[in-house]
Amino acid sequence: MLYELYMHGFFNIAIIKYITFRAGLAFFIAFLMTVFIMPYFINWAKLKKASQPISTSIKAHANKKDTPTMGGLVFVLSAVTASILTARLDNMYVQIGIACLLLFMFIGARDDYMKIVARNNAGMSSKAKFFFLFCVACLISVWLYWIGLNADFYIPLVKKPILSLPNCPYFIIALWILVFLATTNAVNVTDGLDGLATVPSICALSSLSVFMYVGGNFEMAKYLLWPHIADSGEIMILSLAMIGALFGFLWYNCHPAQVFMGDSGSLALGGFIAFCAIVSKNEILLILIGSIFVIETISVILQIGSYKLRHKRIFLMAPIHHHFEVKGWAENKIIVRFWIIAILSNLIALITLKIR
């Protein structure tokens, strides 16, 4: 909106045309909105008894039973509002990014609402949830292909694409759908301790913001031998807005949490991280960028597979953060150590930008 007003001559502040300035502005708008609105949302949620039922498997979680959920509604809508104010709304990537955030948020909100009403952790059936996620993933993937997103397939440390698929839409669209489904579920699985999913999401979005800015800038992409995706740099504004909103959310979500993000937040985050990875051509590097999400998901897969095949459990409890809880680790220790892993893995991911 600010960019459009500037272009139509409503004010003469040339710095507004720079993506970096508008991204920084979006960060602070989203942060301040989240910090300001969240206390009102927490009070409202407490009055409505909108708290997520807590599993009794871990006794240490008993004191979390009255903690409000669906905090994702606040930080996602704050990020979207900040993006609308600062990003170029005629940019197709911005439009798709906002749609991605809102659609995945609505699926999560429906799941959260069903959990609150039923007073249990079941929510939507796994088939219904997968169906809605699959539909949105299909929509966003086809939309990206339709607007002409580079369909080449890259792997880290290699200068040129290992597969060039502009005339083979089925494979690349299927890959993008898989990235969306895997990432949304991975972030959702990770959201089990106070702030555990928040900081790794901030780290992932920070790394992807760098990749998107480089990919959207012709000269920088040429220098670093990175695929140039015209106009994609504008997504950095959405990403910084989401990071700012997540910092605001962390103010209330750090241990002991005053609010949980719920599926409305985790699914929106997972979907948007997947979107940023796809547009920046980091479908494979996302494994390193989202290392904590990958570790958490693999722990669940291994646990289920081992129990079905051998009738034995690998971990005391899955996802793996619960394994450490059962072993007696303090919640803060688990959270901070997982944060450290997320930060280090993203630093390594950023190094690969230069090593090609």
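Residues numbered from 1 in each chain as written. Predicted model: local features only at pLDDT ≥ 70, side-chain atom pairs only at ≥ 80, totals over all residues. Heavy atoms only, no water.

Visitor: Please explain the packing of aromatic side chains as it appears in this structure.
Guide: The way to describe two aromatic rings as a pair is by their centre distance and the angle between their planes. All told, the structure shown has 12 aromatic pairs when counted by the stated rule. Pairing Phe 75 with Phe 249 gives two aromatic rings, centres 4.9 Å apart and planes at 55 degrees, and the pair type is tilted. Taken as a pair, Phe 75 in helix 3 (residues 72–86) and Phe 249 in helix 9 (residues 235–253) lie far apart in primary sequence, 174 residues in all. Of the residues examined, Phe 75 reaches a relative accessible area of 0% and is grouped as buried. By relative accessible area, which is 0% here, Phe 249 ends up buried. In this structure, Arg 337 is placed above the aromatic ring of Trp 329, and the distance from its NZ or CZ to the ring centre is 4.9 Å. (Phe/Tyr/Trp six-rings, centres within 6.5 Å; stacked < 30°, edge-to-face > 60°. Helix = DSSP H or I, 4+ residues; strand = E, 2+ residues; numbered from the N terminus. Buried < 20%, exposed > 50% of the residue type's maximum accessible area, 1.4 Å probe, protein only. Lys NZ or Arg CZ within 6 Å of the ring centre and 35° of its normal.)

Visitor: Where do I start with the side chain of Asp 111 in this structure?
Guide: When you line up the elements, Asp 111 lands in helix 4 (residues 92–118). A distance of 2.7 Å separates the side chain of Asp 111 from the backbone nitrogen of Met 124, its partner in a polar contact. (Polar contact = N/O pair within 3.5 Å; in protein donor to acceptor, adjacent residues only side chain to side chain.)

Visitor: How should the confidence of the model for the protein chain be read in this particular structure?
Guide: Interpretation of the predicted coordinates at a detailed level should be avoided for regions scoring low in pLDDT. Predicted confidence across the protein chain gives a mean pLDDT of 90, with 92% of residues reaching 70 or more. By mean pLDDT, helix 1 (residues 2–7) is the weakest element of the protein chain at 60, and helix 9 is the strongest at 97. (pLDDT = per-residue confidence, 0-100.)

Visitor: How should I be thinking about helix 14 (residues 331–351) in this particular structure?
Guide: Given 3.6 residues per turn, any residue in an α-helix points the same way as the ones three and four places further on. Under the 1.5 Å per step criterion, the end-to-end length of helix 14 is 31 Å for 21 residues, consistent within 8% with the ideal 30 Å. Where helix 14 is buried, its residues meet helix 7 (198–216), helix 11 (286–289), helix 12 (291–310) and helix 13 (320–326). (Expected span 1.5 Å × (residues − 1). Contact = heavy atoms within 4.5 Å.)

Visitor: I tried to follow the pattern of salt bridges on my own but got confused; where do I start?
Guide: Two side chains with opposite charge may pair up if their charged atoms get near one another. Summed over all chains, the structure comprises seven salt bridges. A salt bridge links Lys 129 to Asp 111, with the shortest nitrogen-to-oxygen separation between them at 3.2 Å. Taken together, the residues span a long stretch of sequence, with Lys 129 in helix 5 (residues 126–146) and Asp 111 in helix 4 at a distance of 18 residues. The same class applies to Lys 129 and to Asp 111, which are both buried. Here Lys 115 ties to Asp 263 by a salt bridge, and the two come within 3.5 Å at their closest N and O atoms. On the criterion of sequence distance, the pair formed by Lys 115 in helix 4 and Asp 263 in helix 10 (residues 262–279) is long-range, its members being 148 residues apart. Neither Lys 115 nor Asp 263 differs from the other in exposure class; each is buried. (Salt bridge = Lys/Arg side-chain N within 4 Å of Asp/Glu carboxyl O.)

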